[in-house]
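Listed below, chain by chain, are the residues.
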There are 2 protein chains.
Amino acid sequence: MCELLGMSANVPTDICFSFTGLMQRGGNTGPHRDGWGITFYEGKGFRTFKDPNPSCQSRIAELVQEYPIKSCAVISHIRQANRGGVNLENTHPFTRELWGRYWTFAHNGQLTGYDALDTGRFQAVGDTDSEIAFCWLLNQVEAKYPKPPQDMAEAFAFIHQCCERLRQLGVYNMLLSDGEYVLTFCTNNLHSITRRAPFGCASLIDEDVTIDFQQETTPNDVVTVIATQPLTNNEQWHKMQPGEFNVFYFGEVVYQAQA
Amino acid sequence: MCELLGMSANVPTDICFSFTGLMQRGGNTGPHRDGWGITFYEGKGFRTFKDPNPSCQSRIAELVQEYPIKSCAVISHIRQANRGGVNLENTHPFTRELWGRYWTFAHNGQLTGYDALDTGRFQAVGDTDSEIAFCWLLNQVEAKYPKPPQDMAEAFAFIHQCCERLRQLGVYNMLLSDGEYVLTFCTNNLHSITRRAPFGCASLIDEDVTIDFQQETTPNDVVTVIATQPLTNNEQWHKMQPGEFNVFYFGEVVYQAQA
């Protein structure tokens, strides 16, 4: 299995604190030694850092922890390989363009029967179940909406249906973003927390680090963090339900549906 | 205008030396202050580092200079904006998937009339002439070869024709790679050098750095570097001709054509 980390915020926010916790799980407090990656959006552009080496030893992971890249939408993943070799092309997140926007995807879980998924024009480059699921999902969405949909709620309902179909193939916990929306789908392993004023202190589970968000924020900031497992031990994380689908937009839930 | 840097090598080679020279042109010895980017392939996967800030001040550029990422195919670019705002989505190189491979592109020059180019399913995310030219080129190639071509020489001849069509719109110096092949097209500003045994010393033009390649290589290494302008002042660079098109494959020219 793998670990997922996502963020949706209404002001550009750095994710150094949460990322520091997650990275420890990459071969140190966790068994996820098979690579890691993180995508930060800035406007319609994005930056991805990734490495097939364990995150707790990665020079590039150090940079990401030290250098506060501020973003309103972040997708991150650390990997314990089950399907596909340990190499760069199999390292999440994966990104493809659709509707003139970059879509970025990360997956926790394991699927069977995924070879039968028709990915159409979106070809997988690596050989993970995850990338094939992502390509299939985009192909479904593009077939239904060749152009950007007028009614996003309708499109979200359709994406939710697609996620349910993938859940039938196994464990499918997902993060997906186009830089504005951050979409989540839970099979069995996803939590979220929305931080807003009054901000408090938070302590990481995986490393002896505490942060006082009051010092780092302004009163109007809204920051949602999504992770497979809670990253802090003194806050109340929301445990998502099987089949739960959420869409965050600049920190706030704008669409939610259950199985 | 911008600066381009590419590499094709038969063994994974770091590009720190050449990159150090190029980065100085990003606001120090050159006027290219509007961002930079570099893509390293590893197998079928790739890593891109980019920043809309000047390369000579960039913390991420420092990492790339210090940390020897070894690759057989590299595409890099530093930007002086002429078309499109200074932001991350307009920062080269650009990458898209075709035939289950990632294609990466960088452009030096300026085009007119590019809005009329039909990019089909490859939509530009930013608003540069370069990204639109790239999307148009991929769309042309996919329309002609929906599946990977059997005869690559024929496909290269077709890509060369497409480059000639883009040259009719202005200045089009190009680097393009799928991680194995590195394709170049010259309108007026592209040089290359192929280094092989016996290796000698090279001195950068833009910074007081000399390297003895003999110390860094084995006798079978073949490394081709392509750049808009020569990066060293004590080696013989090949000046490409207007309309010249080259394909490098692990360091060696495997296809060449003139206008």
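Residues numbered from 1 in each chain as written. Chains lettered and ligands numbered in written order. Predicted model: local features only at pLDDT ≥ 70, side-chain atom pairs only at ≥ 80, totals over all residues. Heavy atoms only, no water.

Focus on the overall build of chain A
A count of helical and extended segments in chain A gives five helices and 15 strands. Across its three principal directions, the C-alpha atoms of chain A cover 50 × 40 × 30 Å. Sorting the 259 residues of chain A into buried and exposed places 62% on the buried side. If you take every contact in chain A between residues at least 6 apart in sequence, the share linking residues at least 24 apart comes to 69%. Carbon and sulfur atoms make up 47% of the accessible area of chain A, which amounts to about 9,400 Å² in all. Of note, chain A has its 19 positive side-chain charges centred 4 Å away from the centre of its 29 negative side-chain charges. (Helix = DSSP H or I, 4+ residues; strand = E, 2+ residues; numbered from the N terminus. Buried < 20%, exposed > 50% of the residue type's maximum accessible area, 1.4 Å probe, protein only. Contact = heavy atoms within 4.5 Å. Areas by Shrake-Rupley, 256 points an atom, 1.4 Å probe, with all protein chains shown as cover. Lys, Arg positive; Asp, Glu negative; His and termini not counted. Charge placed at Lys NZ, Arg CZ, Asp CG, Glu CD.)

Description of the packing of aromatic side chains
This structure, assessed with the given rule, holds 31 aromatic pairs over all chains. On the basis of an interplanar angle of 75° and a centroid distance of 5.1 Å, the ring pair of phenylalanine 156 of chain A and tyrosine 181 of chain A is categorised as edge-to-face. Residue phenylalanine 156 of chain A is located in helix H4 (residues 152-167), and its partner tyrosine 181 of chain A is located in strand S8 (residues 181-185); the two are separated by 25 residues in the primary sequence. For the pair phenylalanine 156 of chain A and tyrosine 181 of chain A, a shared accessibility class is recorded, and that class is buried. Ring geometry for phenylalanine 46 of chain B against tyrosine 102 of chain B: centres 4.8 Å apart, planes inclined by 70°, an arrangement best described as edge-to-face. With phenylalanine 46 of chain B in strand S3 (residues 45-51) and tyrosine 102 of chain B in strand S6 (residues 101-108), the pair connects residues that are 56 residues apart, well separated along the chain. Taken together, the ring pairs connect Phe156, Tyr181, Phe245, Tyr249, Phe250 and Tyr255 of chain A into an aromatic cluster. (Phe/Tyr/Trp six-rings, centres within 6.5 Å; stacked < 30°, edge-to-face > 60°.)

Considerations on the packing of helix H1 (residues 16-24) of chain B against helix H2 (residues 59-66) of chain B
Residues and elements named next belong to chain B. Where H1 contacts H2, the two axes come as close as 8 Å, and the packing angle between them is 150°. The orientation of H1 with respect to H2, classified from their angle, is roughly antiparallel. Residues Cys16, Phe19, Thr20 and Met23 of H1 form the contact with H2, whose own contacting residues are Ala61, Val64 and Gln65. Here the contact of H1 with H2 is built from residues that sort into five nonpolar, two polar and no charged. (Axes fitted to C-alpha atoms, helices over the stretch in contact; angles between N-to-C directions. Parallel < 35°, antiparallel > 145°, perpendicular 65-115°, else oblique. Nonpolar A, V, L, I, M, F, W, Y, C, P; charged D, E, K, R; others polar.)

Observations concerning the nonpolar core
Counting 54 residues, the largest nonpolar core has Trp36, Ile38 and Phe49 of chain A together with Trp36, Ile38 and Phe49 of chain B as the members making the most contacts within it. Ranked by size, the runner-up nonpolar core spans 51 residues in total, among them Phe105, Leu117 and Phe122 of chain A together with Cys186 of chain B. (Core = buried A, V, L, I, M, F, W, Y, C linked by side-chain atoms within 4.5 Å.)

Some details on the interface of chain A and chain B
Listed per partner, the contact involves 30 residues of chain A and 31 residues of chain B. Approximately 2,700 Å² of surface area, both sides summed, lies buried where chain A meets chain B, with 56% of it carried by carbon and sulfur atoms. One salt bridge connects arginine 96 of chain A with glutamate 97 of chain B, and the closest N-O pair in it is separated by 3.6 Å. Taken together, chain A and chain B are joined by 14 residue pairs in polar contact (both at pLDDT 80 or more). Where the side of chain A that touches chain B is concerned, the elements lending two or more residues are strand S3 (45-51), helix H2 (59-66), strand S5 (94-98) and strand S6 (101-108) of chain A. (Buried area = accessible area lost by both parts, 1.4 Å probe. Salt bridge = Lys/Arg side-chain N within 4 Å of Asp/Glu carboxyl O. Polar contact = N/O pair within 3.5 Å; in protein donor to acceptor, adjacent residues only side chain to side chain.)

Some words on the relation of the copies chain A and chain B
Superposing chain A onto chain B takes a rotation of 180° plus a shift of 0.0 Å along the axis, which leaves an RMSD of 0.0 Å. Both copies are brought into coincidence by an operation consistent with a two-fold rotation axis. Here 100% of the interface residues in chain A have copies in chain B that are interface residues too; the copies meet face to matching face. (Least-squares fit on C-alpha atoms with pLDDT ≥ 70 in both.)

Focus on the sheet that holds S8 of chain A
Backbone-to-backbone hydrogen bonds join strands into a sheet, with any given pair of strands oriented parallel or antiparallel. Residues and elements named next belong to chain A. Here six strands make up an open sheet; going across it, the order is S5-S6-S7-S8-S14-S15 and the pairing antiparallel. The open sheet terminates on both sides in strands that have one partner only, identified here as S5 and strand S15 (252-257). Each adjacent strand pair in this sheet contributes to an overall mean axis angle of 20°, direction not counted. Pairing of S8 with strand S14 (residues 245-249) involves five bridges; the strand directions are antiparallel. The residue bridging phenylalanine 185 from the neighbouring strand is phenylalanine 245, located in S14. (Pairing = 2+ DSSP bridges.)

A few points about the side chain of threonine 91 of chain A
Structurally, threonine 91 of chain A is set in the loop between strand S4 (70-78) and S5. At 2.8 Å, the side chain of threonine 91 of chain A and the backbone oxygen of asparagine 87 of chain A are in polar contact.

Section: the sheet that holds strand S5 (residues 94-98) of chain B
Residues and elements named next belong to chain B. Ordered by their spatial adjacency, six strands build an open sheet running S5-S6-S7-S8-S14-S15, and the pairing between neighbours is antiparallel. Strand pairing shows two members of the sheet lacking a second neighbour, S5 and strand S15 (252-257), which therefore form its edges. Looking at each pair of strands side by side, their axes are set apart by 20° on average, direction ignored. Packing against the sheet, helix H3 (residues 129-144) makes contact with S5, S6 and strand S7 (173-177), and its axis sits at approximately 15° to S5.

Observations concerning the environment of threonine 39 of chain B
Residue and element names in this part refer to chain B. Note that threonine 39 resides in strand S2 (residues 36-42). Threonine 39 sits 218 residues away from alanine 257 along the chain, and the two C-alpha atoms are 26 Å apart. Setting aside anything within four residues of it in sequence, one finds threonine 39 in contact with Phe46, Arg47, Thr48, Ala73, Val74, Ile75, Pro93 and Thr104. One polar contact links threonine 39 to threonine 48, side chain to side chain, over a distance of 2.8 Å.

Some details on the pattern of salt bridges
Inspection of every chain in the model, using the stated rule, returns 22 salt bridges over all chains. One salt bridge connects arginine 96 of chain A with glutamate 131 of chain A, and the closest N-O pair in it is separated by 2.8 Å. Of this pair, arginine 96 of chain A sits in strand S5 while glutamate 131 of chain A sits in helix H3 (residues 129-144); the two residues are 35 residues apart in sequence, bridging distant segments of the chain. Comparing arginine 96 of chain A with glutamate 131 of chain A shows no difference in burial state: the two are buried. For glutamate 164 of chain B, the salt bridge goes to arginine 167 of chain B, with nearest N and O atoms at 3.1 Å. Of this pair, glutamate 164 of chain B and arginine 167 of chain B are both found in helix H4 (residues 152-167), three residues apart, which corresponds to roughly one turn of the helix. In this structure arginine 167 of chain B comes out as partly exposed when scored by relative accessible area, which is 24%. One salt-bridge network, held together by shared partners, links Glu42 and Arg47 of chain A together with Asp51 of chain B.

A word on the packing of H3 of chain A against H4 of chain A
Residue and element names in this part refer to chain A. Here H3 crosses H4 at 145°, and the two axes come no closer than 10 Å. Classified by chirality, the crossing of H4 by H3 is right-handed. Here H3 contributes Ala133, Trp136, Leu137, Gln140, Val141 and Lys144 to the contact with H4, which in turn contributes Phe158, Ile159, Cys162, Arg165 and Leu166. Grouping the amino acids of the contact of H3 with H4 by side-chain chemistry returns eight nonpolar, one polar and two charged. (Left-handed = near helix turned anticlockwise from the far one by under 90°.)

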